[in-house]
Amino acid sequence: MSLNRRKFLGAGAVAAGAGLTLGASGIAAASEKTFNWKMTNAYAPGSPFYVQGPGSPTDFCKRVEAMSNGRLKIQHFAAGELIPALEGFDAVSSGMVEMNAANAFFWAGKIPAAQFFTAVPFGMNTQGMNAWLYNGGALQLWEELYEPHGLVPMPMGNTGTQMTGWFRQPLENVDSLKGLKMRVPGLAGKVYSELGVAVRLLPGGEIFPALERGVIDAAEFVGPYQDRRMGLHKAAKNYYTTGWHEPTNVTELIINKKAWDSLPADLQAIVRICAQACNAESLAWSDAVNADALEDLVTNEGVIAKPLPTDIITRLREVTNDTLAGMAAADPATRKVHDHFMAFRKKYSTWSATGEKGFMDLGV
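For every chain, the first residue of the written sequence is number 1, and numbering continues from 1 along that sequence. The model is predicted, so local features are restricted to residues of pLDDT at least 70 and side-chain atom pairs to those at 80 or more, both for listing and for counting; the totals for chains, interfaces and linings are taken over all residues. Side-chain calculation: all heavy atoms of the structure are included, whereas hydrogens and water are not.

Turning to the confidence of the model for the chain, a few remarks are in order. Each residue gets a pLDDT score, which is the predictor's confidence in that residue and runs from 0 to 100. Taken residue by residue, the chain gives an average pLDDT of 91. The fraction at 70 or more is 91%. Only heavy atoms enter the contact rule, under which two residues are in contact if any of them lie within 4.5 Å. In the model, residues 1-9 has pLDDT below 50 throughout and makes two contacts with residues more than four positions away in sequence or in other chains. With pLDDT under 50 throughout, residues 11-29 is counted as low confidence; its partners more than four residues away or in other chains account for zero contacts.

All right, on to the UniProt feature "binding site: Na(+)" (unreviewed entry) in the chain then. UniProt positions are given in the numbering used here, feature names are shortened, and annotations may be inferred rather than shown by experiment. Mapped onto this numbering, the UniProt entry gives "binding site: Na(+)" (unreviewed entry) at Phe221. Labels follow the DSSP assignment, with helices taken as runs of H or I lasting at least four residues and strands as runs of E lasting at least two, numbered in each case from the N terminus. Mapped onto the elements, Phe221 comes out in the loop between strand S8 (218-219) and helix H8 (224-230). In this structure Phe221 comes out as buried when scored by relative accessible area, which is 7%. In this structure Phe221 touches Tyr43, Tyr50, Gln162, Arg183, Gly204, Ile207, Gln226, Asp227, Met230 and Leu232, once residues within four positions along its chain are discounted. Here the term buried applies to any residue with accessible area under 20% of the maximum for its type, exposed to any over 50%, and partly exposed to those in between, with areas from a 1.4 Å probe on protein chains only.

Moving on: the UniProt feature "binding site: substrate" (unreviewed entry) in the chain. Feature annotation in UniProt places "binding site: substrate" (unreviewed entry) on Gln162, Arg183, Glu220 and Glu246, given in this structure's numbering. These residues run over 85 residues, yet every pair of their C-alpha atoms falls within 14.4 Å of each other. Among the secondary structure elements, Gln162 is positioned in the loop between strand S4 (151-158) and strand S5 (165-167). Look past the residues within four positions of Gln162 in its chain and what remains in contact with it is Tyr50, Glu220, Phe221, Val222, Thr242, Gly243, His245, Glu246 and Asn249. Within the local environment of Gln162, its side chain forms a polar contact with the side chain of Thr159, the two groups lying 3.0 Å apart. Here Arg183 is to be found in strand S6 (residues 181-183). Apart from residues lying up to four places away in sequence, Arg183 is in contact with Arg200, Leu202, Gly204, Ile207, Ile216, Ala218, Ala219, Glu220 and Phe221. What qualifies as a polar contact is a pair of N or O atoms within 3.5 Å, subject to a donor-acceptor requirement within protein and to the restriction that residues adjacent in sequence count only when both atoms come from side chains.

Another point: the nonpolar core. Nonpolar side chains in soluble globular proteins tend to be buried together. With 86 residues, the main nonpolar core has Phe60, Phe117, Trp132, Tyr146 and Val271 as its most contacted residues. A per-element tally of this core places helix H10 (residues 265-300) first, with nine residues. The contact partners of Phe117, leaving out residues within four places of it in the chain, are Ala104, Met129, Trp132, Leu133, Ala138, Leu141, Trp142, Leu145, Val250 and Val337. Here, the term nonpolar core denotes a set of buried Ala, Val, Leu, Ile, Met, Phe, Trp, Tyr and Cys residues that are joined through side-chain atoms within 4.5 Å.

Our focus in this paragraph is the sheet that holds strand S1 (residues 35-41). When DSSP finds at least two bridges between two strands, those strands are taken to pair. Judged by pairing direction, the sheet is mixed, and its five strands sit side by side in the order S2-S1-S3-S10-S4 without closing on themselves. The open sheet is flanked by strand S2 (72-77) and S4, the only strands paired with a single partner. The sheet shows a mean angle of 25 degrees between the axes of neighbouring strands, direction not considered. When S1 meets strand S3 (residues 99-102), the two strands line up parallel, connected through three bridges. By the bridge assignment, Asn41 is partnered in S3 with Ala101. Helix axes use the C-alpha atoms of the stretch in contact, all axes being lines fitted to C-alpha atoms, and the angles between their N-to-C directions lie in the range 0 to 180 degrees.

Only Phe, Tyr and Trp rings take part, Trp by its six-membered ring, and two of them pair if their centres are within 6.5 Å. Stacked means planes under 30 degrees apart, edge-to-face means over 60, and tilted covers everything else. Applying the stated criterion across every chain yields a total of 19 aromatic pairs. When the centroid spacing of 3.7 Å and the interplanar angle of 15 degrees are considered together, the rings of Trp166 and Tyr239 count as stacked. Of the two residues, Trp166 sits in strand S5 while Tyr239 sits in strand S9 (residues 238-241), which places them 73 residues apart along the sequence. One exposure class covers both Trp166 and Tyr239, and it is buried.

The rule for a salt bridge is simple: a side-chain nitrogen of Lys or Arg has to be within 4 Å of a carboxyl oxygen of Asp or Glu. Across all of its chains, the model carries 13 salt bridges by this definition. A salt bridge links Lys336 to Glu144, with the nearest nitrogen and oxygen atoms 2.7 Å apart. Here Lys336 is found in helix H12 (residues 332-354), whereas its partner Glu144 is found in helix H5 (residues 138-146), with 192 residues between them in sequence. Under the relative-accessibility criterion, Glu144 is labelled partly exposed at 43%. A salt bridge links Glu318 to Arg315, with the nearest nitrogen and oxygen atoms 3.0 Å apart. Here Arg315 and Glu318 lie together in helix H11 (residues 310-330), a separation of three residues that amounts to about one turn. You can call Glu318 partly exposed: its relative accessible area is 38%. What makes Arg315 partly exposed here is its relative accessible area of 34%. One continuous salt-bridge network, built from bridges that share partners, spans Asp59, Arg63 and Glu281.

Buried within helix H6 (residues 186-194) are the following residues: Gly186, Leu187, Ala188, Gly189, Val191 and Tyr192. Where H6 is buried, its residues meet S5, S6, strand S7 (198-200) and H11. Residue Gly196 follows H6 closely and has a positive phi angle near 90 degrees.

Strand S10 (residues 250-256) sits mainly inside the fold: seven of its seven residues count as buried. Neither face of S10 is left uncovered, since the one carrying Val250, Glu252, Ile254 and Asn256 and the one carrying Thr251, Leu253 and Ile255 both have all their residues buried. Relative to S10, S3 runs antiparallel, the two sharing four bridges. Across the sheet, Ala102 pairs through a bridge with Glu252, a residue of S10. Relative to S10, S4 is paired through seven bridges, and the arrangement is antiparallel. Directly across from Pro153, in S10, lies its bridge partner Ile254.

Here is the structure:
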């Protein structure tokens, strides 16, 4: 080999080595970059599940920081601490903050189809909803729906099946609903409206004073543990079951798309994994605490817990079907989500009737 050739190869090796070193340094620098984000919330400070506790948004923030070794830190603000309760959608879309925790049905006025990603009356339970979201193609539909607003959505929690709610006076039949003023969000509000209910959309922190003062006659929130903590049993004693309106209830995490795209792939993966973990743990926590709370409400607080009268349920189901069909007919985006949901529900119902319902029918 000539001297010149040896010099050329030697110089190339040095350059290649320098390139590898620089490349490694660049990768290391990218992996060491830190991000400091803000998350707002639709719920009041101190709220179990919705703000703090197992599987809550603050739990999510702690998990992300721990798993990322401090590379992604998220400062959490409950409702009113940085912005009003129901302004998170716009705050994240505009880039004012990077994240918000709430429920998708709060944005029904902006995106009617968003309601399907929280709860659908007479829809699927939490197992079915998770199957639809994670393995049925719904998450991709959700992302497509929010993309024009510069948002990335994902599930981050679930309360499971909720209670119908609290009523100051007992319900005898469908006519008992006419003229009632009731706090109820989402698709259920549309259904109640068709039956003569004056629907009110109130943040969680405003429900008790409104019910206590008679500003509203009825209210639904979550379930025994959460409702007892808010003192709703002190304002009304008739507590109805079935959960027809929210057989599941998904906590939504939305992320500003530009902020999301700025994260390296490993941090994006950490965010998704932590959201999935909180989705599972929040449901487990809810199921663990609701049984004791319901027993306490009935035994010690004089609460009357019972199912809705059958004729009310029958009429609610009829109106629900008409309401959902009308929404689908009025908006192409809603029709796309509606049809996708209903097709998956049909498939899931066949299996759940064989598996889960078959087991529950044993009386376990």
